[in-house]
Amino acid sequence: VRGFGALFLLPHTAGILLLALTTYASFLALRGLWLGPLLIERHGYSLVASGNVALVVSLVSLFTPALFGRLDPGPGSRRRWITGFTVLLAALFAAIGLLHAEWLDVAGSVAVGLLSGYMVLQYADVRSSYAPAVTGRAMAVFTMALFLGVALMQWLTGVAASVATAHGLDPYVAVMLTIAALLAGGVLAFRLLPAPAH
């Protein structure tokens, strides 16, 4: 317990974990919770048609981590890459929420699956941000943050959808903007809070 607690005393842990709460969670919130209802209710897709889109998103997301792993620029530029791809991901969610274009909702969802591969760079960032003696514990805490983020984002987007519906607003606008805002908050924390000394 003391070993895990010591990680939270390091100044760069907060930014890493706050971003971790949002990135993987954004992908799973779309793929696992909101993609089907979005396409069915906004564009009249059948269950089969929305399932086909979800299948493409899932297949794309299987292969892109290996691609981004090969493209990893190393410690000198990795955090800038993580920041840039997170900002792009937030912009995609905002566009899906606001523009109501069928082609964008489909292509944007596939693009989210494609971009999800950059999250493998976060693992590399964690490995290079801690001393070898605590890397295992750091990876465990990081992974716990990823999955806690999944639960929190699904709950928060559900609240956003419920509030929007109660006020006669489009729930999918609220959901996508909530995801975009959470990603923006995570990446701001990642950039503005203390960074590790590589």
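The rules behind the values
Residues numbered from 1 in each chain as written. Predicted model: local features only at pLDDT ≥ 70, side-chain atom pairs only at ≥ 80, totals over all residues. Heavy atoms only, no water. Helix = DSSP H or I, 4+ residues; strand = E, 2+ residues; numbered from the N terminus. Rg over C-alpha atoms; globule rule 2.2 N^0.38 Å. Buried < 20%, exposed > 50% of the residue type's maximum accessible area, 1.4 Å probe, protein only. Contact = heavy atoms within 4.5 Å. Phe/Tyr/Trp six-rings, centres within 6.5 Å; stacked < 30°, edge-to-face > 60°. Lys NZ or Arg CZ within 6 Å of the ring centre and 35° of its normal. Polar contact = N/O pair within 3.5 Å; in protein donor to acceptor, adjacent residues only side chain to side chain. Core = buried A, V, L, I, M, F, W, Y, C linked by side-chain atoms within 4.5 Å.

Novice: It is not clear to me how the overall build of the chain should be interpreted in this structure. Could you clarify?
Specialist: Secondary structure assignment for the chain yields nine helices and zero strands. Helices and strands appear in the chain in the N-to-C order α-α-α-α-α-α-α-α-α. Relative to a compact globule of 198 residues, whose C-alpha radius of gyration would be 16 Å, the chain shows 17 Å and is just as compact. When its C-alpha atoms are laid out on the principal axes, the chain stretches across 55 × 35 × 25 Å. Taken over 198 residues, the chain has a buried fraction of 46%. Long-range contacts, defined here as pairs at least 24 residues apart, represent 79% of the contacts in the chain between residues at least 6 apart.

Novice: Sorry, what's going on with the packing of aromatic side chains here?
Specialist: What characterises a pair of aromatic rings is the spacing of the ring centres plus the angle enclosed by the ring planes. Scanning all chains against the criterion turns up six aromatic pairs. Ring geometry for Tyr123 versus Phe142: centroids 4.9 Å apart, planes at 80 degrees, classification edge-to-face. Taken as a pair, Tyr123 in helix 7 (residues 120–129) and Phe142 in helix 8 (residues 135–166) lie far apart in primary sequence, 19 residues in all. Residue Tyr123 is classed as partly exposed on the basis of its relative accessible area, which comes to 28%. Through a chain of ring-to-ring contacts, three or more aromatic side chains come together here, namely Phe68, Trp81, Phe85 and Tyr118. Positioned above the aromatic ring of Phe190 is the side chain of Arg79, whose terminal nitrogen or guanidinium carbon lies 3.9 Å from the ring centre.

Novice: Looking at this structure, how should I read the side chain of Thr13?
Specialist: Within the secondary structure, Thr13 sits in helix 2 (residues 13–20). In terms of polar contacts, Thr13 uses its side chain to reach the side chain of Tyr130, at 2.7 Å. Setting aside its immediate chain neighbours within four residues, Thr13 contacts Leu7, Phe8 and Tyr130.

Novice: Before we go on, may I ask you to explain the environment of Met176 in this structure?
Specialist: Within the secondary structure layout, Met176 lies in helix 9 (residues 171–192). With a relative accessible area of 0%, Met176 lands in the buried category. Placed 19 residues apart in sequence, Met176 and Thr157 show a C-alpha to C-alpha distance of 8.1 Å. When sequence neighbours within four positions are dropped, the list of residues in contact with Met176 reads Leu30, Trp34, Leu38, Phe93, Ala94, Ile96 and Gly97.

Novice: When you look at the nonpolar core in this model, what are you seeing that I'm missing?
Specialist: If you look at soluble globular proteins, the nonpolar side chains tend to sit buried side by side. With 50 residues, the main nonpolar core has Leu89, Phe93, Met176 and Ile179 as its most contacted residues. Ranked by residue count, the leading element in this core is helix 8, at nine residues. Discounting residues that sit within four places of it in the chain, Phe93 has contacts with Ser26, Leu30, Val112, Met176, Ile179, Ala180 and Leu183.

Purely geometric numbers; function is a separate question.
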